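Observations on the three-dimensional arrangement
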Amino acid sequence: MDTIQKQKKSFFSGLTGQILIAMILGAILGIILHNSISTEAAQSFSNKIKMLATIFIRLVQMIISPLVFTTLVVGIAKLGDIKTVGRIGGKALGWFFTASFISLLIGLFYVNILEPGVGIKLGNVDMGAASEVTAKTQNLSFENFVEHIVPKSIIEAMATNEILQIVIFSIFFGLAAASLGTTVKPVIGALDKISHIVLKMVNYVMNFAPIGVFGAIAGVFAVRDAEELLITYFKFFGSFLLGIGTLWVVLIAVGFIFLKGRMIELLKRITGPLAIAFGTTSSEAVFPKLTEELESFGVKDRIVSFMLPLGYSFNLDGSMMYMTFASIFIAQFYNVHLDLGTQMVMLLVLMLTSKGIAGVPRASLVVVAATCGMFDIPVEGIALILPIDHFCDMFRSATNVLGNALATSVVGQWEANKELESPLTENI
């Protein structure tokens, strides 16, 4: 009995328990205010209380650039040579594209089987609300995608938290450092120490997570009638949850295949990051904490520092599933027929255009809007899913975290028995 009480006490005093309590309290406060004050007052309250979430996310964002750069450079330098980097990179990209393809297929399957957009009647759809998203699609092209990958300035990339661009620079920097051998040991050693300082900052920043989650949830429920939304979008949201649930089953099953019993330990370790991503709708917000947890799980730091930044650019499983689902939902609403061949082309387009836009606000919606435009689906249809998008984003953000944690852990296990030492790893 005492053991059970201690476990309960430690859960509610721990970060995950505090975040769950913050979510419940935020929802209660938001619902009460939504039903008791005017729409204008609720909007004003929402704008102010969301500042708590904004502050927390900005605190996390301020340490992402130095963390990605230092850990990735040190990780590549410790890997030792281009051959090793290529081997691990090949495994990573193979996993990422396979996971993305499966996620897209799951979304495609459920939206075709359940047809949530067929026969749905939505009144009072605010088409003007979609203008912010659709405006960004004008710059989404293959040429801009290629330009977006390669940084013209590492300072600019760090200032804007362009993770993929930082990754590209860090890979070149790390490979150059590794090629110079022991002469650059002091530089790599200094970057290694800086990365540990930044990770220590993570512990301080995470103390603000419950406050940020509370602000995010309270702000949403203050201006949204949750009951009305769920009734109106019951078929859409229910179908989406079924798809996300299936994706979780697939990911966890794959985890048990490769990690076996250790998968349970991994799930326990990433509970906190999952809760933060769910509450703040930001998988980016848990990047530093996830780095720490995966290293504690036993994945070598050089694997974590190499895999995780790549995963945040190429392995957004929850977002991928949502993109096919939302795109075809809009087509169904407007009675735009898409044969299976066209849908498969759409799937491939989504797989390519979705890579490397992790830093773009509401990235999934931007890609969905751009894809609709390519296939002659009314782009303004994005307004149909905006009212429910925040709640969908909670689930897809958590799914992104699960997918990246799993990919990093599995590749880490594949590499566990390989010799990854280089002259630079000594005395660092």
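The structure presented is a predicted model; accordingly, all values stated were derived computationally and were not measured.

**Topic: the overall build of the protein chain**
For the protein chain, the helix and strand inventory stands at 20 helices and zero strands. Across the protein chain, every contact between residues at least 6 apart in sequence was considered, and the portion connecting residues at least 24 apart equals 87%. Only carbon and sulfur atoms are counted for the fraction: they give 65% of the accessible area of the protein chain, which is about 18,700 Å².

**Considerations on the pattern of salt bridges**
Enumeration according to the criterion identifies eight salt bridges in this entry. Salt-bridge contacts for K289 lead to E292; the nearest nitrogen and oxygen are separated by 3.5 Å. With K289 and E292 both in helix α15 (residues 287–297), this residue pair falls three residues apart, about one helical turn. Across this residue pair, the class does not change: K289 and E292 are buried. In this structure, D389 and R396 form a salt bridge, with 3.0 Å as the shortest nitrogen-oxygen distance. We note that D389, like R396, is buried. Each of E265, R269, K289, E292 and E293 takes part in a single network of salt bridges with overlapping partners.

**Digging into the packing of aromatic side chains**
Inspection of the entire model under this criterion finds 18 aromatic pairs. Ring centres of F333 and Y334 lie 5.1 Å apart, and the angle between their planes is 85°; this geometry places the pair in the edge-to-face category. The exposure class assigned to F333 is partly exposed, which follows from its relative accessible area of 22%. Overall, Y334 belongs to the partly exposed group, its relative accessible area being 26%. The ring of F297 carries R262 above its face, with NZ or CZ at 4.0 Å from the centroid. Over the aromatic face of Y322 sits the side chain of R396, whose NZ or CZ is 4.1 Å from the ring centroid.

**Some words on the side chain of R396**
Within the fold, R396 resides in helix α20 (residues 382–415). At a separation of 3.0 Å, a polar atom in the side chain of R396 contacts the side chain of D389. Setting aside its immediate chain neighbours within four residues, R396 contacts I244, G318, S319, Y322, S364 and D389.

**Some points on the nonpolar core**
If you look at the biggest cluster of nonpolar residues, it comprises 122 residues, and the most contacted ones within it are F56, F236 and I385. Per-element tally for this core: the top contributor is α20, with 16 residues. If near-sequence neighbours (up to four positions away) are discounted, I385 is found in contact with F236, Y322, A326, F329, I330 and L365.

**Quick word on the UniProt feature "transmembrane region" (unreviewed entry) in the protein chain**
Under the feature "transmembrane region" (unreviewed entry), the UniProt entry names residues 12–35, 55–80, 92–113, 163–184, 204–224, 236–259 and 365–386. For residues 92–113, the helix share is 100%, the strand share is 0%, and the end-to-end C-alpha distance is 32 Å. Measuring from the first to the last C-alpha atom of residues 365–386 gives 9 Å, for a span that is 68% helix and 0% strand.

**Focus: the packing of helix α16 (residues 301–314) against α20**
Between α16 and α20, the least distance of the axes is 9 Å, while the angle of their chain directions is 145°. Our pair here, α16 against α20, has a crossing hand that is right-handed. For the pair α16 and α20, the contacting residues are I303, V304, M307, L308, G311 and Y312 in the first and V401, N404, A407, T408, V411, G412 and E415 in the second. Residue classes in the contact of α16 with α20 are distributed as eight nonpolar, four polar and one charged.

**Focus on the side chain of N404**
One can find N404 in helix α20. Accessibility expressed as a relative area gives 2% for N404, which makes it buried. Ignoring any residue separated from it by four or fewer positions in sequence, one finds N404 in contact with L308, G311, Y312, N315 and L316.

**Notes on a nonpolar patch on the surface**
On the surface, I21, I24, L25, I28 and I32 cluster together into a nonpolar patch covering about 450 Å² of accessible area. When you line up the elements, I24 lands in helix α2 (residues 15–36). On the basis of relative accessibility, which here comes to 52%, the residue I24 falls in the exposed class.

**Remarks on the packing of helix α13 (residues 262–269) against α20**
Where α13 meets α20, the closest approach of the two axes is 11 Å, and the angle between their N-to-C directions is 135°. One element, α13, and the other, α20, form an angle in the oblique class. Crossing hand, α13 versus α20: right-handed. Residues R262, M263, L266 and L267 of α13 pack against L402, A405, L406, S409 and Q413 of α20. A breakdown of the residues in the contact of α13 with α20 according to their chemical character gives six nonpolar, two polar and one charged.

Parameters and conventions
Residues numbered from 1 in each chain as written. Predicted model: local features only at pLDDT ≥ 70, side-chain atom pairs only at ≥ 80, totals over all residues. Heavy atoms only, no water. Helix = DSSP H or I, 4+ residues; strand = E, 2+ residues; numbered from the N terminus. Contact = heavy atoms within 4.5 Å. Areas by Shrake-Rupley, 256 points an atom, 1.4 Å probe, with all protein chains shown as cover. Salt bridge = Lys/Arg side-chain N within 4 Å of Asp/Glu carboxyl O. Buried < 20%, exposed > 50% of the residue type's maximum accessible area, 1.4 Å probe, protein only. Phe/Tyr/Trp six-rings, centres within 6.5 Å; stacked < 30°, edge-to-face > 60°. Lys NZ or Arg CZ within 6 Å of the ring centre and 35° of its normal. Polar contact = N/O pair within 3.5 Å; in protein donor to acceptor, adjacent residues only side chain to side chain. Core = buried A, V, L, I, M, F, W, Y, C linked by side-chain atoms within 4.5 Å. UniProt positions renumbered as here; feature names shortened; annotations may be inferred. Axes fitted to C-alpha atoms, helices over the stretch in contact; angles between N-to-C directions. Left-handed = near helix turned anticlockwise from the far one by under 90°. Nonpolar A, V, L, I, M, F, W, Y, C, P; charged D, E, K, R; others polar. Patch = residues over 30% accessible without salt bridge, like charges linked within 9 Å, V, L, I, M, F, W, Y side chains within 5 Å. Parallel < 35°, antiparallel > 145°, perpendicular 65-115°, else oblique.

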